[in-house]
Amino acid sequence: MTDTSKSANLRLRKNGRPISALTAYDYPTARLLDEAGVDLLLVGDSLGMVVLGFPDTTHVTMEHMLHHTAAVARAKPKALLLADLPIHSYDAPDQAVANAKLLAAAGADAVKLEGGVHQAGIIRAIVDAGIPVIGHLGMLPQRVVEEGGYRKKGKTPEQADELLRGAQAIVGAGVSAIVLESVVPKTAKLLTDSIPVPTIGIGCGDGNCDGEVAVVTDLIGSFPWFVPPFARPETDVAPLIRQAAGKYVARVSEG
Ligand code: KIV
């Protein structure tokens, strides 16, 4: 019998076909993406930038994440619903478990948090509380201020080694999968081939991970003011929205 449970989505690649993941922050988008058959919906803290208008993800709070996770959950997606733990919501194990439980109560099937070796204890605590965790390595958007920008990771053998140690530590702590962000292709492939859980890449090149995640606004062109270099838009809705609104303004104002 085919396993159609949501947790099966996380085992897809190590068993076969690659995992498709997209961010979603609201009810209608979640419904549309789910109807398209996406495997995993991520309520990412990227919502700070592409929905709330902050300069980066460091302004996102638990209140924001709960509000948007609940909206996506109301779409009752068949896809696995993953929600980000925002910055400073997982600084200590008790706090991390309490906040992961709040996200789960809002409808998340799993939570994601950033970081490697130093996060192993936090991840273990959340997993032990019964909530699946997905890790996030490579470019860590919650550290963008300290790092002074968005940079490729895993370029040197030392950096690749550090990423591998981080991946092994969080796998040991119980993560179900790992998002790799902006990791150079060779290192992304090395990590994918070295760990027993799926990797889900963004900005890691083609075929180097067990699945791919994209920010939905990059896919559809609804946030045209900043588009990362690795984005692959499939459509461009911004001109259509401007055009429709322009026609509406003309019709109403011209009486
Ligand atoms: O917040 C987000 O959208 C993410 C993706 C970049 C993976 O973490």
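Each value, and the rule that gives it
- Residues numbered from 1 in each chain as written.
- Predicted model: local features only at pLDDT ≥ 70, side-chain atom pairs only at ≥ 80, totals over all residues.
- Heavy atoms only, no water.
- Near = heavy atom within 4 Å.
- Polar contact = N/O pair within 3.5 Å; in protein donor to acceptor, adjacent residues only side chain to side chain.
- Areas by Shrake-Rupley, 256 points an atom, 1.4 Å probe, with all protein chains shown as cover.
- Nonpolar A, V, L, I, M, F, W, Y, C, P; charged D, E, K, R; others polar.
- Axes fitted to C-alpha atoms, helices over the stretch in contact; angles between N-to-C directions.
- Helix = DSSP H or I, 4+ residues; strand = E, 2+ residues; numbered from the N terminus.
- Parallel < 35°, antiparallel > 145°, perpendicular 65-115°, else oblique.
- Contact = heavy atoms within 4.5 Å.
- Salt bridge = Lys/Arg side-chain N within 4 Å of Asp/Glu carboxyl O.
- Buried < 20%, exposed > 50% of the residue type's maximum accessible area, 1.4 Å probe, protein only.
- Pairing = 2+ DSSP bridges.
- Left-handed = near helix turned anticlockwise from the far one by under 90°.
- Lys, Arg positive; Asp, Glu negative; His and termini not counted.

**Q** What should I look at first to understand the site of the ligand in this one?
**A** Gly44, Asp45, Ser46, Asp84 and Lys112 are the nearest of the 13 residues found near the ligand. The side chain of Lys112 places a nitrogen or oxygen atom 2.8 Å from an oxygen atom of the ligand. Protein coverage of the free-state accessible area of the ligand, which is 260 Å², stands at 96%. Classifying every residue of the shell around the ligand gives five nonpolar, four polar and four charged.

**Q** I would appreciate a short explanation of the packing of helix H5 (residues 62–73) against helix H6 (residues 93–105) in the present structure.
**A** The description of two packed helices rests on the angle between their axes and on the distance between the axes. Direction vectors running N to C along H5 and H6 enclose 25°, while the axes themselves pass 9 Å from each other. As the angle between them shows, H5 and H6 are arranged roughly parallel. Note on element contacts: H6 touches H5 through Asn99, Leu102 and Leu103, opposite Met62, Met65, Leu66 and Thr69. Across the contact of H5 with H6, the residue classes tally to five nonpolar, two polar and no charged.

**Q** Sorry, what's going on with the pattern of salt bridges here?
**A** In total, this model carries eight salt bridges according to the counting rule given. Note that Lys112 and Asp84 form a salt bridge whose closest N and O atoms lie 2.8 Å from each other. Taken together, the residues Lys112 in strand E4 (residues 110–114) and Asp84 in strand E3 (residues 80–84) connect sequence positions 28 residues apart. Judged by relative accessible area, which is 3%, Asp84 ranks as buried. With a closest N to O distance of 3.1 Å, Lys189 and Asp193 form a salt bridge. Placement of the pair is Lys189 and Asp193 together in helix H10 (residues 185–194), with a separation of four residues, close to one helical turn. Its relative accessible area of 34% is what places Lys189 among the partly exposed residues.

**Q** What is the right way to look at the sheet that holds strand E8 (residues 211–214) in this model?
**A** Sheets are built from strands paired through backbone hydrogen bonds, the pairs being either parallel or antiparallel. Strand order in the closed barrel formed by eight strands is E1-E2-E3-E4-E5-E6-E7-E8, with parallel pairing between adjacent strands. Within this sheet the neighbouring strands show an average axis-to-axis angle of 25°, counted without direction. Note: E4 against strand E5 (residues 133–138), four bridges, orientation parallel. Residue pairing in the sheet places Val111 in a bridge with Val133 of E5. Helix-sheet contacts for helix H9 (residues 157–173) involve E5 and strand E6 (177–181), and the interaxial angle to E5 is about 175°.

**Q** Whenever I open this one, the packing of H9 against H10 confuses me. Can you help?
**A** Where H9 contacts H10, the two axes come as close as 10 Å, and the packing angle between them is 30°. The orientation of H9 relative to H10 falls into the category roughly parallel. In the packing of H9 onto H10, the handedness of the crossing is right-handed. In this structure, H9 uses Ala160, Leu163, Leu164 and Ala167 to contact H10, whose residues at the interface are Thr187, Leu190, Leu191 and Ser194. Here the contact of H9 with H10 is composed, by residue class, of six nonpolar, two polar and no charged.

**Q** Would you take a moment to explain the environment of Leu191 for this structure?
**A** Summarising the element assignment, Leu191 is placed in helix H10. With 117 residues separating them in the primary sequence, Leu191 and Arg74 have C-alpha atoms 35 Å apart. Not counting chain neighbours up to four residues away, the residues in contact with Leu191 comprise Leu163, Leu164, Ala167, Leu180 and Val183.

**Q** I would appreciate a short explanation of the side chain of Glu181 in the present structure.
**A** Secondary-structure assignment places Glu181 in strand E6. No salt bridge is formed by the buried Glu181. Its closest oppositely charged neighbour is Lys112, at 6.2 Å. At a separation of 2.9 Å, a polar atom in the side chain of Glu181 contacts the side chain of His136. Leaving out residues up to four positions away in the same chain, Glu181 has contacts with His136, Leu137, Gly138, Met139, Pro141, Ile202 and Cys204.

The values are spatial; any link to function lies outside them.
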